[in-house]
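Chain by chain, the residues run as shown.
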Amino acid sequence: YRLEYHGFPGSRDAEMIVDVKYQSPATKEFTVRSETGSKLLIEKVFKKLLQSEKEALAEENQKRTALNPENYLFTMAGYETTLDGPMYILQVEPRVKSKLLYRGRIWIDANDFAVARIEAEPAKNPSFWTKETKIEQIYTKVNDFWLPAFNRSASAIRLGGRASFSIEYKDYQITAARPMRSQGELAGYH
């Protein structure tokens, strides 16, 4: 996690390196390996962010934020061929104004139908202190899973500053993934 702030009352930056252990369907454990920079940013931003990530796994929160027709309106915006292959581009509009939902564009891998990229802004301003926030999230395929690779947001701060926040995801280790069982296997037919 990396955060740079420039503005009133002065510039600050911080970085935190974290090991994350995720166990499906809803358990995340964070182990902080190192913290450098502004203690204020580490305590007031990074620690709250880690807590928010845990809370986001709750079933009710996942339901309210899922990228599905209950939460979003989808419009086909285009098609392009990238270095990663063909992509559908969809315009997404949230059905309700929520700081947990966003409006913008998503790139869908045409082969896997998985989200490969998001460029958006929050549907509702997440804080009084920010005027506008732009978000970019890039996903990568690791084995058979599409997982976050990079997340970047840039915010204009009401008092005249700018904040840049990024998360770089790397060194994935998928330890125990089993293929989905068919309906017949689940019912006991082999």
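Residues numbered from 1 in each chain as written. Predicted model: local features only at pLDDT ≥ 70, side-chain atom pairs only at ≥ 80, totals over all residues. Heavy atoms only, no water.

1. Notes on the confidence of the model for the chain
Confidence in the prediction for the chain averages 86 pLDDT; 91% of positions are at 70 or higher. Here residues 182-190 is a poorly scored stretch, pLDDT under 50, and it has 3 contacts once near neighbours within four places are set aside; other chains count. (pLDDT = per-residue confidence, 0-100. Contact = heavy atoms within 4.5 Å.)

2. Remarks on the environment of Glu119
Within the secondary structure, Glu119 sits in strand β7 (residues 115-122). Judged by its relative accessible area of 31%, Glu119 falls in the partly exposed class. Note: C-alpha distance between Glu119 and Pro69 (50 residues apart in sequence) is 19 Å. Look past the residues within four positions of Glu119 in its chain and what remains in contact with it is Arg103, Gly104, Arg105, Trp107, Ile135 and Glu136. (Helix = DSSP H or I, 4+ residues; strand = E, 2+ residues; numbered from the N terminus. Buried < 20%, exposed > 50% of the residue type's maximum accessible area, 1.4 Å probe, protein only.)

3. Remarks on the pairing of strand β4 (residues 72-82)
With 10 bridges joining them, β4 and strand β5 (residues 85-94) adopt antiparallel strand pairing. Bridge assignment links Leu73 to a residue of β5, and that residue is Glu93. Remark: 2 residues form the turn of the hairpin made by β4 and β5, two consecutive strands paired antiparallel. (Pairing = 2+ DSSP bridges.)

4. Thoughts on the pattern of salt bridges
Evaluated as defined, the whole model comprises 11 salt bridges. Asp19 serves as the salt-bridge partner of Arg33, at 3.2 Å between the closest nitrogen and oxygen. On the criterion of sequence distance, the pair formed by Arg33 in strand β3 (residues 27-37) and Asp19 in strand β2 (residues 12-23) is long-range, its members being 14 residues apart. Since its relative accessible area comes to 36%, Asp19 is described here as partly exposed. Note that Lys47 and Glu43 form a salt bridge whose closest N and O atoms lie 3.5 Å from each other. With Lys47 and Glu43 both in helix α1 (residues 39-56), this residue pair falls 4 residues apart, about one helical turn. Among the residues examined, Lys47 registers a relative accessible area of 32% and is labelled partly exposed. (Salt bridge = Lys/Arg side-chain N within 4 Å of Asp/Glu carboxyl O.)

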